[in-house]
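Per-entry structural report
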Amino acid sequence: MCRVLVALNLTSLEMIVVSLLSTLVAVVCLFFSCTLECAGATNIEEYATCLCTGDGSGGQNSTSFIPHHFVVRSDPYLAFSYSPCRCGSNGKSHVSFSFAITVPVNQGWVGVGFGKTEQPKSAMVDADIIFLWRRGNVNYFKDSYSVNFNPAPDAVDDLFGKSWSAFTDSGSKSPLQTFYFSRKQYTGDENQDNALVFGKQLVAFTASNTIPTGSLPTSMPPWKAWHVFDLSNRGA
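Residues numbered from 1 in each chain as written. Predicted model: local features only at pLDDT ≥ 70, side-chain atom pairs only at ≥ 80, totals over all residues. Heavy atoms only, no water.

Within the protein, the regular secondary structure consists of two helices and 12 strands. Taken from N to C terminus, the helices and strands of the protein fall in the order α-α-β-β-β-β-β-β-β-β-β-β-β-β. Sequence-distant contacts, at least 24 apart, represent 58% of the contacts inside the protein between residues at least 6 apart. If you sum the accessible surface of the protein, you get close to 12,600 Å²; carbon and sulfur atoms cover 55% of it. (Helix = DSSP H or I, 4+ residues; strand = E, 2+ residues; numbered from the N terminus. Contact = heavy atoms within 4.5 Å. Areas by Shrake-Rupley, 256 points an atom, 1.4 Å probe, with all protein chains shown as cover.)

Okay, here's the thing in structure tokens:
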């Protein structure tokens, strides 16, 4: 949640200024999903709890479910973590999902696709695809969707809570990095977003050693791994 610390014994003019600044901060936090405080998260549990209680959608009445972690591949390392969250109250609650993708620091881009079917052979058909990479000190989170097996940018970026961290792990051959992002189950964009299943959901992964120079990778290599996850509270 966003907090503003206010000193005591302020003049009337100072109180007006503080009030305006507090309002401005609240609006900024609402627009940016209060993600600055979540940037310090070091795992999916911390991140999901922070996003669930600070996404500007009734977070004070939120339920964060058990986070799950799954190592998709060991070499090169690829891990997928997720945690659902029910936010809001008074009949206006919604489900959001927090995700974390962990890959080697020297990885180029990685893509995660949320399919419309549980069949792996159709993983790319009409899938939602999130591309992630880091170039220099800039992190890229690209919301896209599949058009004839090729990615196209989503007209509306429905991802929020974007964050990145790097760390070392004794079981990995190289330093690792984690990309965090969240998305609502229903975004309201039926043309370019699939509704995520609060249950069995096909998730596919692909990657490349190259760093994109444009807004999206220019070509899509075959999916390197896929798995049907239970995105509710029961894990993989």
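Summarising the sheet, strand β2 (residues 68-74) and strand β3 (residues 77-87) pair through six bridges and their orientation is antiparallel. Paired with S74 across the bridge in β3 is Y77. With antiparallel pairing between neighbouring strands as the criterion, β2 and β3 make up a hairpin whose turn holds two residues. (Pairing = 2+ DSSP bridges.)

Right, let's get into the sheet that holds strand β8 (residues 150-153). Across the sheet, which stays open at both edges, the six strands sit in the order β8-β7-β6-β5-β11-β12 with antiparallel pairing between neighbours. Unpaired on one side and paired on the other, β8 and β12 (225-230) mark the two borders of the sheet. In this sheet, adjacent strand axes meet at a mean angle of 30 degrees when their direction is disregarded. Pairing between strand β6 (residues 128-135) and strand β7 (residues 138-147): eight bridges, direction antiparallel. (Axes fitted to C-alpha atoms, helices over the stretch in contact; angles between N-to-C directions.)

Residue placement: D158 occurs in the loop between β8 and β9 (160-167). R183 provides the closest opposite charge to the buried, unpaired D158, separated from it by 6.4 Å. Apart from residues no more than four positions distant in its own chain, D158 is found in contact with D143, S182, R183, T187, D189 and D193. (Buried < 20%, exposed > 50% of the residue type's maximum accessible area, 1.4 Å probe, protein only. Lys, Arg positive; Asp, Glu negative; His and termini not counted. Salt bridge = Lys/Arg side-chain N within 4 Å of Asp/Glu carboxyl O.)

This part is about the environment of D157. Tracing the chain through its elements places D157 in the loop between β8 and β9. Non-local contacts of D157, meaning those with residues more than four positions away in its chain, are made with F141, D143 and K162. One polar contact links the side chain of D157 to the main-chain amide nitrogen of L159, over a distance of 3.0 Å. (Polar contact = N/O pair within 3.5 Å; in protein donor to acceptor, adjacent residues only side chain to side chain.)

What follows covers the pattern of salt bridges. Oppositely charged side chains can pair when the atoms bearing their charge come close. Applying the stated criterion across every chain, the model contains two salt bridges. A salt bridge links D157 to K162, with the nearest nitrogen and oxygen atoms 2.4 Å apart. In this structure D157 comes out as partly exposed when scored by relative accessible area, which is 39%.

Turning next to the packing of aromatic side chains. Scanning all chains against the criterion turns up 13 aromatic pairs. Seen from their ring centres, F97 and F198 are 6.3 Å apart, and the 45 degrees between their planes marks the pair as tilted. Highlighted residues: F97 in strand β4 (residues 94-104) and F198 in the loop between β10 (176-184) and β11 (200-208), separated in sequence by 101 residues. Judged by its relative accessible area of 0%, F97 falls in the buried class. (Phe/Tyr/Trp six-rings, centres within 6.5 Å; stacked < 30°, edge-to-face > 60°.)

The next subject is the confidence of the model for the protein. Looking at the protein as a whole, its pLDDT mean stands at 73, while 69% of the residues score no less than 70. Per-residue pLDDT stays below 50 along residues 55-60; that stretch engages in 14 contacts with residues further than four places along the chain or on separate chains. (pLDDT = per-residue confidence, 0-100.)

Our next topic: the side chain of Q201. Considering the arrangement of structural elements, one finds Q201 in strand β11. You can call Q201 buried: its relative accessible area is 2%.

What follows is about the pairing of β7. Here β6 folds back onto β7 in antiparallel fashion, the turn holding two residues, of which G136 has a positive phi close to 65 degrees. Here β7 pairs with β8 via four bridges, running antiparallel. Its bridge partner lying in β8, V147 is registered against N150.

In this structure, F80, F99, I101, F181 and F205 are the most contacted members of the largest nonpolar core, which totals 25 residues. Going through the elements one at a time, β3, β4, β5 (109-114), β6, β10, β11 and β12 are the ones with two or more residues in this core. In terms of residue count, the dominant contributor to this core is β4 (five residues). In this structure, I101 is in contact with L78, A79, F80, V110, V112, L132, Q177, T178, F179, F181 and F205, ignoring residues within four places of it in sequence. By size, the runner-up hydrophobic cluster in this structure holds 10 residues, among which are I129, F131, M220 and W223. (Core = buried A, V, L, I, M, F, W, Y, C linked by side-chain atoms within 4.5 Å.)

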